[in-house]
Amino acid sequence: MSSALTDLFPLPIVQAPMAGGVSVPTLAAAVAEAGGLGFLAAGYKTADGMYQEIKQLRGLTGRPFGVNLFMPQPEYADVAAIDVYAHQLAGEAGWYETELGDPDSGRDDGYEAKLAVLLDNPVPVVSFHFGVPSRDVLDSLRRAGTLTLVTATTAEEALAVERAGADAVIAQGVEAGGHQGTHRDNPETDGTGIGLLSLIAQVRETVSIPVVAAGGIMRGSQIAAVLAAGASAAQLGTAFLATPESGANAVHKQALTNPLFARTESTRAFSGRPARGLVNRFMREHGPYAPAAYPEIHHLTSPLRKAAAKAGDAQGMALWAGQGHRMARELPAGQLVEVLAAELAAARTALSEGQEGGAGR
C-alpha cells in the first residue's frame, strides 16, 4: 500500500465503520490508540451529528481515523411493491405497538452536507459505500489532505474505483456482515457474491491501487492470510461488535455467540438491500418478500427495529454479523487489537519457519 496510508497506522488492522450507532467515537479511539485505524460511520446521521462525533473523537485521540459515507441512491420506481411489503408488515407494527416508518424519508443520507463538513474540517481518511464518488469529489478531498477508500464487491467495481481516482479499494467479500457495498443493487445477482480470498486475487489482477480486505475476518491468522493474498490491510467489523466500546445493543452483542443463532444469511428484509445478519424470525418470515428498494425499506422498518431493540427482542432486530460471528471475543477494543497483532505475528513467524524448513529439506 502507498506509504501515505500505511504511515497513518502501525498495524494493518482497520475497524470497519458500522452504521446504526455501533462505530462510536469511543470504539474508534480505542482502536486508533492501539495502533489500528478507527472509523466513524456517518451513515444514517445528520451532517451535524457526524461533525459532533468527529469533535468527540478528536478529544479522545490524536491519532489518525476515518469517516465513512453512504453514496446517494437512485430513484426507485415500483411504489406498489413497497406498499405490498408495508401491508405485510402491519402485523409487526401491531405486535410492537408502533407505526411503520415513512419510506420517503430521504435517499441521499445528507451526502452533500456531509461532504461540505469534511472539506471544511478535513479528516485523515474518508471511505465510501454503495457506489463510487465522482472524480471531482475525490480530487477535492485529496486537496484537503484526505485519503480516500471505496468499497467494491467485484473486480469490475474495483476498476471503477481506481478510474475515479481513489487512493485504495476495500475488497468486500460475501462473508462480511451488514450491507454489501455493491455499486448498483441488482436483484438478479442476489446470492452470487464472491468469497474474500477469490475477490482479493481478482482485484489484485485488475487494479494497481492498494487493497484493504473485508469479510469474515476474526483472527490474526486470517489477517495474515489476506495479507499473503495481496491485501495491504484487513478491515474487521463483527470482531469489534462485541467489544464494550461498541455502541451495539447488548442483545445484539449476546446474539453473536448465542447457540440459538447458528448461522447468517444475506437478506433484504430490513432495508431492501442485501445485508448479512444472524437468521431470526423477522428474516425468515419477511426476507423472501422484501423488494429491492433501499433506502425505502430501511425507513419503513426503522421503527420496528427500534421497538424490538427496546423490548430486548432479538427475533425482531437486524442482527448484522459476518460469517465468523461465533468467534467473537468480548475483549476491550484496544486489547483485541493487541491480541490480533500477536496472532498475526505468530502466523507470520510460523509461515516463515515453514518456508525455511521447506527450503532446507
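The paragraphs below set out a description of the structure included in this document. (Residues numbered from 1 in each chain as written. Predicted model: local features only at pLDDT ≥ 70, side-chain atom pairs only at ≥ 80, totals over all residues. Heavy atoms only, no water.)

## Topic: helix α6 (residues 111-120)
Put simply, the rule is: Type-normalised accessible area, obtained with a 1.4 Å probe on protein chains alone, sets the label of each residue: buried when under 20%, exposed when over 50%, and partly exposed for intermediate values. The way it works is that DSSP assigns letters per residue, a run of H or I at least four long becomes a helix, a run of E at least two long becomes a strand, and they are numbered from the N terminus. Starting at the helix axis, one direction is taken to each C-beta atom, and the arc is that of these directions. A contact between two residues is defined here by any heavy atoms of the two lying within 4.5 Å.
By the burial criterion, the buried members of α6 are Y111, K114, L115, V117 and L118. All buried residues of α6 lie within an arc of 160° about the axis, which places them on one face of the element. Facing away from the buried side of α6, by more than 90 degrees, are the exposed residues E112 and D120. The elements touched by buried residues of α6 are α3 (47-60), β3 (65-70), β4 (125-129) and α7 (135-143).

## Considerations on helix α10 (residues 220-228)
Residues G220, I223, A224, V226 and L227 constitute the buried set of α10. The buried residues of α10 all sit within an arc of 165° when viewed along its axis, so they share a single face. Two residues or fewer after α10 comes G230, characterised by a positive phi angle close to 120°.

## As for the packing of aromatic side chains
To be explicit about the condition: Pairing of aromatic rings covers Phe, Tyr and Trp, the last counted by its six-membered ring, and requires centre-to-centre distances within 6.5 Å; plane angles under 30 degrees mean stacked, over 60 mean edge-to-face, and any other angle means tilted.
In this structure the tally under the stated criterion is five aromatic pairs. Look at F70 and F130: their rings are 4.9 Å apart centre to centre, the planes differ by 50°, and that puts the pair in the tilted class. Note that F70 is positioned in strand β3 and F130 in the loop between β4 and α7, a separation of 60 residues in sequence. With relative accessibility at 8%, the residue F70 sits in the buried group. Classification of F130 as buried rests on a relative accessible area of 2%.

## Section: the nonpolar core
The criterion, for reference: The definition of a nonpolar core used throughout is a set of buried Ala, Val, Leu, Ile, Met, Phe, Trp, Tyr and Cys residues joined through side-chain atoms within 4.5 Å.
Within the largest apolar cluster, 43 residues are counted, with the highest numbers of intra-cluster contacts made by I223, V226, L236 and F240. At the level of elements, α2 (25-33), α9 (196-204), α10, β9 (233-236), α11 (238-241), α12 (250-255), α14 (296-310) and α15 (333-360) are the ones that each hand at least two residues to this core. The residues contacting V226, other than those within four sequence positions of it, are L196, L197, I200, A213, I217, A231 and A234.

## Observations regarding the sheet that holds strand β8 (residues 211-214)
This is how the line gets drawn: Two strands are counted as paired when DSSP detects at least two bridges linking them. Every axis corresponds to a line fitted to the C-alpha atoms, with the helix fit spanning only the stretch in contact, and the corresponding angles, defined between N-to-C directions, vary from 0 to 180 degrees.
Pairing is parallel across the open sheet formed by eight strands, whose spatial order is β1-β9-β8-β6-β5-β4-β3-β2. Strand pairing shows two members of the sheet lacking a second neighbour, β1 (13-15) and β2 (38-41), which therefore form its edges. Taking each pair of neighbouring strands and ignoring which way they run, the sheet shows an average axis angle of 25°. Pairing of β4 with strand β5 (residues 147-152), which is carried by four bridges, proceeds in the parallel orientation. Directly across from S127, in β5, lies its bridge partner L149. Packed on one face of the sheet, α2 meets β1 and β2 and runs near 165° to β2. Against the sheet, α6 makes contact with β3 and β4, and its axis sits at roughly 160° relative to β3, the strand it touches most.

## Some points on the side chain of H325
Of note, H325 is situated in the loop between α14 and α15. Classification of H325 as buried rests on a relative accessible area of 2%. Once you skip the residues sitting within four places of it in the chain, H325 turns out to touch M218, T238, L256, T257, F261, A262, R263, T264 and L278.

## Some thoughts on the environment of T206
The following threshold applies: Pairs of N or O atoms within 3.5 Å make up the polar contacts considered here, provided that, within protein, one atom can donate a hydrogen while the other can accept it, and that residues adjacent in sequence are counted only when both atoms are side-chain atoms.
Within the secondary structure layout, T206 lies in the loop between α9 and β8. Distance from T206 to S140, taken between C-alpha atoms, is 26 Å for residues 66 residues apart in sequence. In this structure the side chain of T206 is engaged in a polar contact, spanning 2.7 Å, whose partner is the backbone oxygen of Q202.

## So, the pairing of strand β6 (residues 168-172)
The line we're drawing: Whether a crossover is right-handed depends on one test, that the path from the first strand over the helix to the second runs clockwise when the strands point away from the viewer.
By the criterion of burial, β6 is predominantly enclosed, with five of the five residues buried. Side chains of β6 alternate between two faces, with A168, I170 and Q172 and V169 and A171 buried alike. Relative to β6, β5 is paired through four bridges, and the arrangement is parallel. Each bridged residue has a counterpart across the sheet, and for A152 the counterpart in β6 is A171. Handedness of the β-α-β unit built from β5, helix α8 (residues 155-164) and β6 comes out right-handed. Pairing of β6 with β8, which is carried by four bridges, proceeds in the parallel orientation. Among the inter-strand pairings, V169 is bridged to a residue of β8, identified as V211.

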